[in-house]
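Listed here are the chains, written in short residue letters.
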Protein chains: 2
Amino acid sequence: MTNFSLDARLAADTHSVTDLALSRVLLMNDARFPWVILVPRRANCSEWLDFSNDDQRELLQEQLGVMSVLQELTGAHKLNVANLGNMVRQFHLHIVARFETDAAWPGPVWGQGVREEYSDNEAQALIAALKQALS
Amino acid sequence: MTNFSLDARLAADTHSVTDLALSRVLLMNDARFPWVILVPRRANCSEWLDFSNDDQRELLQEQLGVMSVLQELTGAHKLNVANLGNMVRQFHLHIVARFETDAAWPGPVWGQGVREEYSDNEAQALIAALKQALS
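Please read all numbers here as calculations on a predicted model, not as lab measurements. (Residues numbered from 1 in each chain as written. Chains lettered and ligands numbered in written order. Predicted model: local features only at pLDDT ≥ 70, side-chain atom pairs only at ≥ 80, totals over all residues. Heavy atoms only, no water.)

Undergrad: How should I be thinking about the interface of chain A and chain B in this particular structure?
TA: How big an interface is tends to be expressed through the accessible area that disappears when the partners come together. Each partner contributes to the interface: chain A provides 31 residues, whereas chain B provides 31 residues. Around 2800 Å² of area is buried between chain A and chain B when both sides are counted, 59% of it from carbon and sulfur atoms. Summed over the three residues of chain A that lose the most area to chain B, namely Leu49, Lys78 and Asn86 of chain A, the buried surface amounts to 23% of that side. On inspection of chain A and its partner chain B, the count reaches 4 salt bridges. The closest approach of N and O atoms between Glu47 of chain A and Lys78 of chain B, which form a salt bridge, is 3.0 Å. Where chain A touches chain B, the interface holds 20 residue pairs in polar contact (both at pLDDT 80 or more). (Contact = heavy atoms within 4.5 Å. Buried area = accessible area lost by both parts, 1.4 Å probe. Salt bridge = Lys/Arg side-chain N within 4 Å of Asp/Glu carboxyl O. Polar contact = N/O pair within 3.5 Å; in protein donor to acceptor, adjacent residues only side chain to side chain.)

Structure (structure tokens):
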């Protein structure tokens, strides 16, 4: 059995927030969109279908929990939830708070424009708020 | 209590396949991508969070069922699953079979190029195959 290790590109593009029962919680380092990524700590999974039934149910609960927290913290106009994985095959679930005024609205966020990194202070504040709300 | 009725834009862009316990199954009328849309038959829902716990669990099971069927029927290289809803607010879940040779790879399918409608024969064959596999 292979151990889980976070994909290098996901690690490079994100800040680590916390670990839930199943998933590592990451904050995409893009100040344009409040954007959380869940990565179940299981090796060799790229599709929802690759997880056990128990893990699928837990992943749904963690997805819903992050959605509630993002909605509460940001007042988003819409939440976008997606597993694409066409570029990074390690399974990862995007949960993005969208606003009618954001840089990509009403299109999807992927591949739109250039990522704008958070300042250290901004990142730390958002990470702390997410961590507290998810605990 | 308001009754469910399918959003007019979703209806215009798709063929109806069948009804599962919770969701209407639609085939996006775009021959570039094998693309199913699930629409739970509930009024006034636009987010995963708007459904009851039972409906959330059922929706996940229907999502997984459609994923299995699409994988089996198409041999997709990757499945993409998303709820966006930035344009059409009625909750709908996209499940798209992706190929490394398809018109949008590796980007997402939304807003890419121009939809290419199926011929009547193509659509009927795919609808019949989906309906049988889902029954």
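Undergrad: Is there a simple way to explain the pairing of strand S2 (residues 23-28) of chain B in this structure?
TA: A regular strand places its side chains on the two faces of the sheet in alternate fashion. Residues and elements named next belong to chain B. The buried fraction of S2 amounts to 5 of the 6 residues, a majority that puts the element mostly inside the structure. Where strand S1 (residues 14-19) meets S2, 5 bridges bridge the pair, whose relative direction is antiparallel. Along S2, the bridge assignment pairs His15 with Leu27. Across 5 bridges, the pairing between S2 and strand S3 (residues 35-40) is antiparallel. Residue pairing in the sheet places Leu27 in a bridge with Val36 of S3. The turn linking S2 back onto S3 is made up of 6 residues. (Buried < 20%, exposed > 50% of the residue type's maximum accessible area, 1.4 Å probe, protein only. Helix = DSSP H or I, 4+ residues; strand = E, 2+ residues; numbered from the N terminus. Pairing = 2+ DSSP bridges.)

Undergrad: Please explain unusual backbone geometry as it appears in this structure.
TA: Excluding glycine, residues mostly have negative phi values, and the peptide bonds linking residues are mostly trans. All names here are of chain A. Pro106 follows Trp105 through a cis peptide bond whose omega is -5°. Summarising the element assignment, Pro106 is placed in the loop between strand S5 (93-98) and helix H3 (120-134). In this model, Asn44 sits at a positive phi of 60°, which is unusual for a non-glycine residue. Its location among the elements puts Asn44 in the loop between strand S3 (35-40) and helix H2 (53-74).

Undergrad: Where do I start with empty space enclosed by the protein in this structure?
TA: If you roll a probe as big as a water molecule over the atoms, it shows you where there is empty space left. Under the criterion given, the structure shown has 1 cavity of 30 Å³ or more. Each pocket or cavity is described by its volume, and for the largest cavity that value is around 60 Å³. Residue lining of the largest cavity: Trp48, Gln63, Val81, Ala82, Asn83 and Leu93 of chain A together with Trp48, Gln63, Val81, Ala82, Asn83 and Leu93 of chain B, and that is the complete set. Going through the elements one at a time, strand S4 (78-83) of chain A together with strand S4 (78-83) of chain B are the ones with two or more residues in the lining of the largest cavity. Class assignment of the residues belonging to the lining of the largest cavity gives a composition of 8 nonpolar, 4 polar and no charged. (1 Å grid on protein atoms, 1.4 Å probe; cavity = no way out; pocket = protein on both sides within 12 Å on 5 of 7 lines; lining within 4 Å. Points joined across faces, edges and corners; volume = space filled by probe spheres on them. Nonpolar A, V, L, I, M, F, W, Y, C, P; charged D, E, K, R; others polar.)

Undergrad: Got a minute to help me understand the side chain of Ser23 of chain B in this structure?
TA: Inspection of the secondary structure assignment puts Ser23 of chain B in strand S2. The contact partners of Ser23 of chain B, leaving out residues within four places of it in the chain, are Thr18, Leu38, Val39, Pro40, Arg41, Leu59 and Glu62 of chain B.

Undergrad: Would you explain the packing of aromatic side chains in this entry?
TA: How two aromatic rings sit relative to each other is set out by the distance from centre to centre and by the angle between their planes. All names here are of chain A. Summed over all chains, the structure comprises 7 aromatic pairs over all chains. Centre to centre, the rings of Phe51 and Phe91 are 5.0 Å apart; their planes meet at 90°, and the pair counts as edge-to-face. Linking Phe51 in the loop between S3 and H2 with Phe91 in the loop between S4 and S5, this pair joins segments that are 40 residues apart in sequence. Assessed through its relative accessible area of 5%, Phe51 is described here as buried. (Phe/Tyr/Trp six-rings, centres within 6.5 Å; stacked < 30°, edge-to-face > 60°.)

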